[in-house]
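Listed here are the chains, written in short residue letters.
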Amino acid sequence: MASYKNIVVLTGAGISAESGVSTFRDSGGLWEKHRIEDVATPDAFRRDPERVQNFYNLRRAQLSAVEPHAAHFALGRLEKELEGRVTVVTQNVDNLHERGGSTNIIHMHGELAKVRCQTCHQVFEWLEDCTQETSCPACGQSPALRPHIVWFGEMPFEMDRIESLLYECDLFVSVGTSGNVYPAAGFVAAVRSHGMAHTIEVNLEPSEGVSYFAETRHGKAGELLPELVEELLTLRKK
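Residues numbered from 1 in each chain as written. Predicted model: local features only at pLDDT ≥ 70, side-chain atom pairs only at ≥ 80, totals over all residues. Heavy atoms only, no water.

Engineer: What's the story with the side chain of Asn6 in this structure? I'm lost.
Structural biologist: Here Asn6 shows up in strand 1 (residues 6-11). Relative accessible area serves as the criterion here: at 13%, Asn6 is assigned to the buried category. Among the polar contacts listed, one links the side chain of Asn6 to the backbone oxygen of Glu168, at a separation of 3.5 Å. Sequence-distant contacts of Asn6, that is, excluding residues within four places in its chain, are made with Arg85, Glu168, Cys169, Asp170 and Leu171. (Helix = DSSP H or I, 4+ residues; strand = E, 2+ residues; numbered from the N terminus. Buried < 20%, exposed > 50% of the residue type's maximum accessible area, 1.4 Å probe, protein only. Polar contact = N/O pair within 3.5 Å; in protein donor to acceptor, adjacent residues only side chain to side chain. Contact = heavy atoms within 4.5 Å.)

Right under this line is the structure:
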């Protein structure tokens, strides 16, 4: 563990759920209140853009009601103190990693706190409501803005960069993921294919891909991840 210099941490809904962020697939999650086809596809946005905008306005407003927890802060500490590279690849669209101190983050499914212009294609930081009447700050077009979110049927962001990082890493840690959402569910297999990296699962319970991991730690991320980070940093100093 003392030799790790290139760490990739994949995070999923579980790490955000501990902060109180509503999840999609769990009982009581968002998909029990909204059909995917109505709020999270390009077709849905074409059919009823106001409904989709309102859905993401409500989700965006939730950001101010949740706070990062110990696992987010632990990852921020790891990036700051490790003599090497730490990259957080997250499936989550909240900003809890940023608020926890991480800066080297890939939001593969987009970000609630951003919108994108469909006319000039610029991306903007955005914490307010967005409607079809909202003009693009750059080109002035309206309607033009959409949530900067990867919807079902769209390609996740920065996949080429992620694939390179998976190939180069010497430690891959998966935190709070179900193991059944692709392409992220296939990352551990991609890491194992070149045989160089150690793999660790940190999850509330075993994921569907648990057998792919060399090491597993099951329980709350807010408790287990700070312990893992402490081990990594302590061994580095020895």
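Read on, since the account is not over.
Engineer: Got a minute to help me understand the pattern of salt bridges in this structure?
Structural biologist: For side chains of opposite charge, pairing can occur when their charged atoms come near one another. A complete count under the given rule lists 14 salt bridges for this structure. For Arg35, the salt bridge identified is with Asp38, shortest N-O distance 3.1 Å. For the salt bridge of Arg161 with Glu158, the shortest nitrogen-to-oxygen distance reads 2.9 Å. You can call Glu158 partly exposed: its relative accessible area is 40%. Through salt bridges that share partners, Arg35, Asp38, Arg47 and Arg51 make up one connected network. (Salt bridge = Lys/Arg side-chain N within 4 Å of Asp/Glu carboxyl O.)

Engineer: Please explain the pairing of strand 4 (residues 110-117) as it appears in this structure.
Structural biologist: Side-chain positions along a regular strand alternate between the two faces of the sheet. Along strand 4, 8 of the 8 residues are buried, which leaves the element largely enclosed by surrounding structure. Examined bridge by bridge, strand 4 and strand 6 (residues 145-149) share 4 bridges and lie antiparallel to one another. Residue pairing for strand 6: Arg116 is matched across the bridge by Arg146. Bridge count between strand 4 and strand 5 (residues 123-125): 3 bridges; the pairing is antiparallel. Along strand 5, the bridge assignment pairs Lys114 with Glu125. The turn joining strand 4 and strand 5, which pair antiparallel and follow one another in sequence, is formed by 5 residues; a positive phi near 70 degrees is taken by His121. (Pairing = 2+ DSSP bridges.)

Engineer: Which parts of the structure should I look at to understand the sheet that holds strand 7 (residues 171-175)?
Structural biologist: Strands in a sheet are paired, the pairing made by backbone hydrogen bonds, and the direction either parallel or antiparallel. Sheet architecture is open: 6 strands sit in the order 3-2-1-7-8-9, paired in parallel fashion. Single-partner strands in this sheet number two, and they are strand 3 (105-107) and strand 9 (215-218). Ignoring which end each strand starts from, the neighbouring axes of this sheet average 15 degrees apart. Looking at chain direction, strand 7 and strand 8 (residues 198-203) are connected through 5 bridges and run parallel. Counterpart to Val175 in the pairing with strand 8 is Val202. Contacts from helix 7 (residues 159-168) reach strand 1, strand 2 (85-90), strand 3 and strand 7 within the one sheet, and its direction differs from that of strand 2 by about 130 degrees. (Axes fitted to C-alpha atoms, helices over the stretch in contact; angles between N-to-C directions.)

Engineer: Got a minute to help me understand the environment of Arg85 in this structure?
Structural biologist: Its place among the elements puts Arg85 in strand 2. Considering only alpha carbons, one finds Arg85 and Asn6, 79 residues apart in sequence, at a separation of 4.8 Å. In this structure Arg85 touches Lys5, Asn6, Ile7, Asn104, Leu165 and Glu168, once residues within four positions along its chain are discounted. Among the polar contacts listed, one links the side chain of Arg85 to the side chain of Asn6, at a separation of 3.2 Å.

By themselves, these figures tell us nothing about what the structure is for.
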